[in-house]
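Listed below, chain by chain, are the residues.
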Amino acid sequence: MAHCVISDGEATAKLVLWENDVKAVQRGKAFNFEQLRVRMEDKTKVLNTTRNMVISENNNDNLKKVEAKDFNLESNIKTIVSKIDVIEHFSTNKVRAKCNKHIIQTTSEYTLKCDFCKYIMRQDSCKSSVVVKIVVTDSSLPSENNDIHLVLFQNELIKLLKTEDVYDEQFVSSSLFKLENLKVTFESKRNVVKNIEQL
């Protein structure tokens, strides 16, 4: 995932690129984006790529003259040192290997339907993925509201626990509670853990 700012020379907008779309654009070049998704984040429109999005280079001379500027998109990234106080939720989901999206509905004992690409596939062809919702304490905040509720995805969980075997709730819970002095870097607007490591 990459956050970037796009501009037509007059207005700017935040764009979140996912997976292969990150490599499809370059700084300072002009592009057309088709089938973007718009969502609101703190009363600001944020553009997101979709599975069906098409990116193509735009050779408009006026857009080529737009100067690339540096923007600070890291302002919503925060790092704290804490321990995990509570595990609010542990879930194991099926993920389609091609689009890497979580599959919400089970069609039958043998099949799944992806809500994003609309494919119906065999359950055994989909990999499992773990999501853990945790609560940590931010000691820089007043004690009455210093609980931070975060989402910890499987890739960060594997790095932290140094094992790929993260599908057992009891094992993951006890392993996480054993860890003290965790350096937790997270996106404060979405409360998603970007990096977590033991000091």
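Cut-offs and rules
- Residues numbered from 1 in each chain as written.
- Predicted model: local features only at pLDDT ≥ 70, side-chain atom pairs only at ≥ 80, totals over all residues.
- Heavy atoms only, no water.
- Helix = DSSP H or I, 4+ residues; strand = E, 2+ residues; numbered from the N terminus.
- Buried < 20%, exposed > 50% of the residue type's maximum accessible area, 1.4 Å probe, protein only.
- Contact = heavy atoms within 4.5 Å.
- Salt bridge = Lys/Arg side-chain N within 4 Å of Asp/Glu carboxyl O.
- Pairing = 2+ DSSP bridges.
- Axes fitted to C-alpha atoms, helices over the stretch in contact; angles between N-to-C directions.
- Parallel < 35°, antiparallel > 145°, perpendicular 65-115°, else oblique.
- Left-handed = near helix turned anticlockwise from the far one by under 90°.
- Nonpolar A, V, L, I, M, F, W, Y, C, P; charged D, E, K, R; others polar.
- Polar contact = N/O pair within 3.5 Å; in protein donor to acceptor, adjacent residues only side chain to side chain.
- Arc of directions from axis to C-beta.

**What to know about the overall build of the protein chain**
Then comes step 1: Assigned secondary structure in the protein chain consists of three helices and 16 strands.
Then comes step 2: For the protein chain, buried positions account for 33% of its 199 residues.
Then comes step 3: Within the protein chain, counting contacts between residues at least 6 apart in sequence, those at least 24 apart form 54% of the total.

**Re the pattern of salt bridges**
Then comes step 1: Taken as a whole and assessed by the stated rule, the structure comprises two salt bridges.
Then comes step 2: Among the salt bridges present, the one from lysine 78 reaches aspartate 138, with a minimum N-O distance of 2.6 Å. In this pair, lysine 78 sits in strand 7 (residues 77–82) while aspartate 138 sits in the loop between strand 13 (127–137) and strand 14 (147–153), placing the two residues 60 residues apart along the sequence.
Then comes step 3: Here glutamate 156 and lysine 159 are joined by a salt bridge, their closest N and O atoms 3.1 Å apart.

**Quick notes on the sheet that holds strand 2 (residues 12–17)**
Then comes step 1: One open sheet holds the four strands; their spatial order is 1-2-5-4, and the pairing between them is mixed. At either end of the open sheet lies a strand with only one pairing partner, and these are strand 1 (2–7) and strand 4 (37–41). If you compare each strand with its neighbour and ignore which way they point, the axes differ by 35° on average.

**Description of the packing of helix 2 (residues 154–161) against helix 3 (residues 169–178)**
Then comes step 1: The N-to-C vectors of helix 2 and helix 3 enclose an angle of 60°; their axes lie 11 Å apart at closest approach. Classified by the angle their axes make, helix 2 and helix 3 are oblique. Where helix 2 crosses over helix 3, the two elements pack in a sense that is left-handed. Residues Leu157, Leu160 and Leu161 of helix 2 lie in contact with helix 3, whose contacting residues are Val172, Ser175 and Leu176.
Then comes step 2: Taken together, the residues of the contact of helix 2 with helix 3 break down into five nonpolar, one polar and no charged.

**Describing helix 2**
Then comes step 1: Most of helix 2 is tucked away, with six of its eight residues classed as buried.
Then comes step 2: Within the span of helix 2, buried status applies to Gln154, Glu156, Leu157, Ile158, Leu160 and Leu161.
Then comes step 3: Each element contacted by the buried residues of helix 2 is listed here: strand 13, strand 14, helix 3, strand 15 (182–187) and strand 16 (192–198).
Then comes step 4: Residue lysine 162 follows helix 2 closely and has a positive phi angle near 55°.

**Looking at the environment of glutamate 197**
Then comes step 1: Looking at the element boundaries, glutamate 197 is found in strand 16.
Then comes step 2: Here the side chain of glutamate 197 touches asparagine 195 through a polar contact of 3.5 Å, side chain to side chain.

**A closer look at helix 3**
Then comes step 1: Restricting attention to buried positions, one finds in helix 3 the residues Val172, Ser173, Ser175 and Leu176. Buried positions in helix 3, seen along its axis, are confined to an arc of 170° and lie on one side of it. Exposed residues pointing more than 90 degrees away from the buried face of helix 3 are listed as Gln170 and Lys178.
Then comes step 2: Turning to helix 3, the residues buried within the fold contact strand 8 (84–95), strand 13 and helix 2.

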